[in-house]
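# Topology and contacts: notes
Residues per chain, in single letters:
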Amino acid sequence: MVPEGRRLFGGMTVEENLELGAFTPRARPARKANLERVYALFPILGERRRQIVRALSGGQQQMVAVGRALMTSPKILMLDEPSLGIAPRLARAILDVLVEINRAGVTVFLVEQNVRAALTLAQRAYVLESGRIVVEGSGAALLRDPHVRQAYLGPLAASA
Amino acid sequence: MNALAQQLILGVLLGGLYGLAAVGLSLVFGVLKVLNVAHGELIMLGGYGTFWLVTLLGIDPFASLLLVVPLSLLLGLGLYGALFAFVVRADEEARVRTSLLIGFGLALVLHALAVRLWTADERSVVTPYGGAVIVLGNLSIPVVRLMSLAVAFVLIGGLHLLLTHWRWGKAIRATAEDWQAALLTGIDVRRAYLLAFAIGTGLAGAAGSLVSVGYSVSPSIGLEWTLKALIVVVLAGLGSVIGTFVAGIFLGVAEALSAAVFGGPYREVVGLVIFVVVLVVRPRGLFGR
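About the cut-offs
- Residues numbered from 1 in each chain as written.
- Chains lettered and ligands numbered in written order.
- Predicted model: local features only at pLDDT ≥ 70, side-chain atom pairs only at ≥ 80, totals over all residues.
- Heavy atoms only, no water.
- Helix = DSSP H or I, 4+ residues; strand = E, 2+ residues; numbered from the N terminus.
- Buried < 20%, exposed > 50% of the residue type's maximum accessible area, 1.4 Å probe, protein only.
- Contact = heavy atoms within 4.5 Å.
- Areas by Shrake-Rupley, 256 points an atom, 1.4 Å probe, with all protein chains shown as cover.
- Lys, Arg positive; Asp, Glu negative; His and termini not counted.
- Charge placed at Lys NZ, Arg CZ, Asp CG, Glu CD.
- Pairing = 2+ DSSP bridges.
- Right-handed = clockwise from strand over helix to strand, strands pointing away.
- Core = buried A, V, L, I, M, F, W, Y, C linked by side-chain atoms within 4.5 Å.
- Buried area = accessible area lost by both parts, 1.4 Å probe.
- Salt bridge = Lys/Arg side-chain N within 4 Å of Asp/Glu carboxyl O.
- Polar contact = N/O pair within 3.5 Å; in protein donor to acceptor, adjacent residues only side chain to side chain.
- Patch = residues over 30% accessible without salt bridge, like charges linked within 9 Å, V, L, I, M, F, W, Y side chains within 5 Å.
- Axes fitted to C-alpha atoms, helices over the stretch in contact; angles between N-to-C directions.
- Left-handed = near helix turned anticlockwise from the far one by under 90°.
- Nonpolar A, V, L, I, M, F, W, Y, C, P; charged D, E, K, R; others polar.
- Phe/Tyr/Trp six-rings, centres within 6.5 Å; stacked < 30°, edge-to-face > 60°.

### Digging into the overall build of chain A
When its secondary structure is counted, chain A shows nine helices and four strands. Listed N to C, the secondary structure of chain A is α-α-α-α-β-α-β-α-β-β-α-α-α in terms of helices and strands. Considering only C-alpha atoms, chain A reaches an extent of 50 × 30 × 25 Å along its principal axes. In chain A, buried positions account for 43% of the 160 residues. The contacts of chain A with a sequence gap of at least 6 include a subset with a gap of at least 24, amounting to 62%. In the structure as shown, chain A presents an accessible area of about 8,700 Å², 54% of it carried by carbon and sulfur atoms. Each charge class in chain A was averaged separately, 21 positive and 14 negative side chains, and the resulting centres sit 3 Å apart.

And the structure:
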């Protein structure tokens, strides 16, 4: 679970934040292995493990948030707006890692307003309007859907 | 010049106890968002604990810490369960108000209880080495107070290690920063509260022990110590153990200076001036987040 706004412990180090992710008794035994896995996915976090989280960039903080969620060995990873307020290049990098996590067998459940990026990744996608599902289908199909293109991808995309 | 230097030394020695008193209060306030105005009364109880252990059983006052601190921890567990567990169920804004009521009530009860049990007399622990001083040129340093400062150092260092290395220590810090996020990561926030409160009470007990050795205890010292601790917490800000301790020593020195420069009665004024100035100029304190 990666909440919106990340909700990290800003005054603590990267490694402490990650370790706290594996605080529950069930998650503790796999702590070391999961820590290695997170550092493999985000090598920059390994380099900065002793740094205070508040001193990191928004994108790096988001990596810590994703990493902390992975520390419980989840079957499903839920993310609320992970690209919010992050440099586009870093947002892209995080989404790429989500694909990698997914290939390793973790279901990824993503709520995202960056529609194009989200649809490119998604195997299944749902468009919600005022709380109701208005369109659903594969990510690729939704990318071609005229309604979706008109409403979310801009007029240029709709006419192309 | 010499008199001033002598006052400064005494100020540092007393300030160490201010720091120790304040760290307990700061921990409880920072983690539970509860202001325990009975903190000084807990210090008073610790002082009596040592006084009676020394008087009745002939234990060395510094060795009495080995009993007083665990007993204070237990008292903290009990007080949390009986009183403060209900306070932390309220949302954070209501907590401070409710805790003030409960704290004042607890302070009054403990004060009255101490008067009834032990009379209102001022008591001080007497040890064979109580009058010993280390002489440096024209300056003299009371050995007992110097040892108290050393004990305070060790306790503060121990707390720092506990909060940075112990699993639950990290959980306590995480809870202090954002209890909802702590809950999300699976931390039992209630238990973090309980532990923080118990540790805070244990530190109060330790501070009380040291007060009874180098200075004196009576049932009415509680308010004064709560006040000093509060001034130090405001000065230091929340979130730094070492910073709070340093701020305590700072207050001790500032008091000694103002007493030396403006005369004895002004000793108490400087703390309140610091209190107001810090709140106006830098509300988050010198070392606060």
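### Quick look at the pairing of strand β1 (residues 76-80) of chain A
Residue and element names in this part refer to chain A. Across the two faces of β1 the burial differs, with Leu 77 and Leu 79 buried and Ile 76, Met 78 and Asp 80 not buried at all. Strand direction decides the pairing type here: β1 and strand β2 (residues 107-111), joined by five bridges, are parallel. Directly across from Leu 79, in β2, lies its bridge partner Leu 110. A crossover connection joins β1 to the parallel β2 through helix α5 (residues 88-103); in handedness this β-α-β unit is right-handed.

### Notes on the nonpolar core
Nonpolar side chains in soluble globular proteins tend to be buried together. Residue and element names in this part refer to chain B. Counting 87 residues, the largest nonpolar core has Val 31, Leu 32, Tyr 80, Ile 172, Ile 187 and Trp 225 as its most contacted members. The biggest single contributor to this core is helix α8 (residues 189-214), with 14 residues. If we ignore the near neighbours within four places in the chain, the residues touching Val 31 are Ile 172, Thr 175, Ala 176, Ala 192, Tyr 193 and Ala 196.

### Let's talk about the environment of B:Ile249
Residue and element names in this part refer to chain B. Structurally, Ile 249 can be placed in helix α10 (residues 241-262). A relative accessible area of 19% places Ile 249 in the buried class. Taking the C-alpha atoms as reference points, Ile 249 and Leu 17, 232 residues apart in sequence, are found 8.0 Å from one another. Ignoring any residue separated from it by four or fewer positions in sequence, one finds Ile 249 in contact with Gly 11, Val 12, Gly 15 and Gly 16.

### Topic: the interface of chain A and chain B
Counting residues at the interface gives 16 residues for chain A, matched by 17 residues for chain B. Carbon and sulfur atoms supply 60% of the area buried between chain A and chain B, which totals about 1,500 Å² over both sides. Together, A:Arg7, A:Phe9 and A:Phe23 form the three largest contributors to the area buried by chain A at its contact with chain B, with a combined 43%. At the boundary of chain A and chain B, one finds three salt bridges. Here A:Arg7 ties to B:Asp178 by a salt bridge, and the two come within 2.8 Å at their closest N and O atoms. If you look at where chain A meets chain B, you find seven residue pairs in polar contact (both at pLDDT 80 or more).

### Notes on unusual backbone geometry
All names here are of chain A. At Arg 7, a position not held by glycine, the phi torsion is positive, near 50°. Tracing the chain through its elements places Arg 7 in the segment before α1 (14-21). Owing to a relative accessible area of 29%, Arg 7 belongs among the partly exposed residues under this scheme.

### Side note on a nonpolar patch on the surface
Residues and elements named next belong to chain B. A surface patch of nonpolar side chains, amounting to about 940 Å² of accessible area, comprises Leu 257, Val 261, Phe 262, Tyr 266, Val 269, Val 273, Val 276, Val 277, Val 280 and Val 281. If you list the elements that add at least two residues to the nonpolar patch, you get α10 and α11 (267-281). No other element matches the six residues that α11 contributes to the nonpolar patch. Residue position: Tyr 266 is located in the loop between α10 and α11.

### Quick look at the packing of helix α9 (residues 221-236) of chain B against α10(B)
Residues and elements named next belong to chain B. At a minimum axis distance of 9 Å, the contact between α9 and α10 shows a crossing angle of 120°. Handedness of the crossing formed by α9 with α10: right-handed. Two secondary-structure elements touch here, α9 through Lys 228, Ile 231, Val 232, Leu 235 and Ala 236 and α10 through Gly 243, Thr 244, Ala 247, Gly 248, Phe 250, Leu 251 and Glu 255. Looking at the contact of α9 with α10 residue by residue, the class counts come to seven nonpolar, three polar and two charged.

### Quick look at the pattern of salt bridges
All names here are of chain A. Under the counting rule described, the total for this entry stands at nine salt bridges over all chains. Two residues, Asp 96 and Arg 92, come together in a salt bridge whose shortest N-O distance is 3.3 Å. Taken together, the residues Asp 96 and Arg 92, both in helix α5 and four residues apart, mark about one turn of the helix. What makes Asp 96 partly exposed here is its relative accessible area of 37%.

### Considering the packing of aromatic side chains
All names here are of chain B. Within the structure shown, the criterion is met by eight aromatic pairs over all chains. A centroid spacing of 6.2 Å and a plane angle of 50° characterise the contact between Tyr 80 and Phe 197, whose relative ring orientation is tilted. One end of the pair, Tyr 80, is in helix α3 (residues 65-87); the other, Phe 197, is in helix α8, and 117 residues separate them in sequence. With a relative accessible area of 5%, Tyr 80 lands in the buried category.

### A few points about the side chain of A:Asn34
Residue and element names in this part refer to chain A. Its place among the elements puts Asn 34 in helix α2 (residues 31-41). A polar side-chain atom of Asn 34 sits 3.1 Å from the main-chain carbonyl oxygen of Met 71. Apart from residues no more than four positions distant in its own chain, Asn 34 is found in contact with Leu 70, Met 71, Thr 72 and Ser 73.

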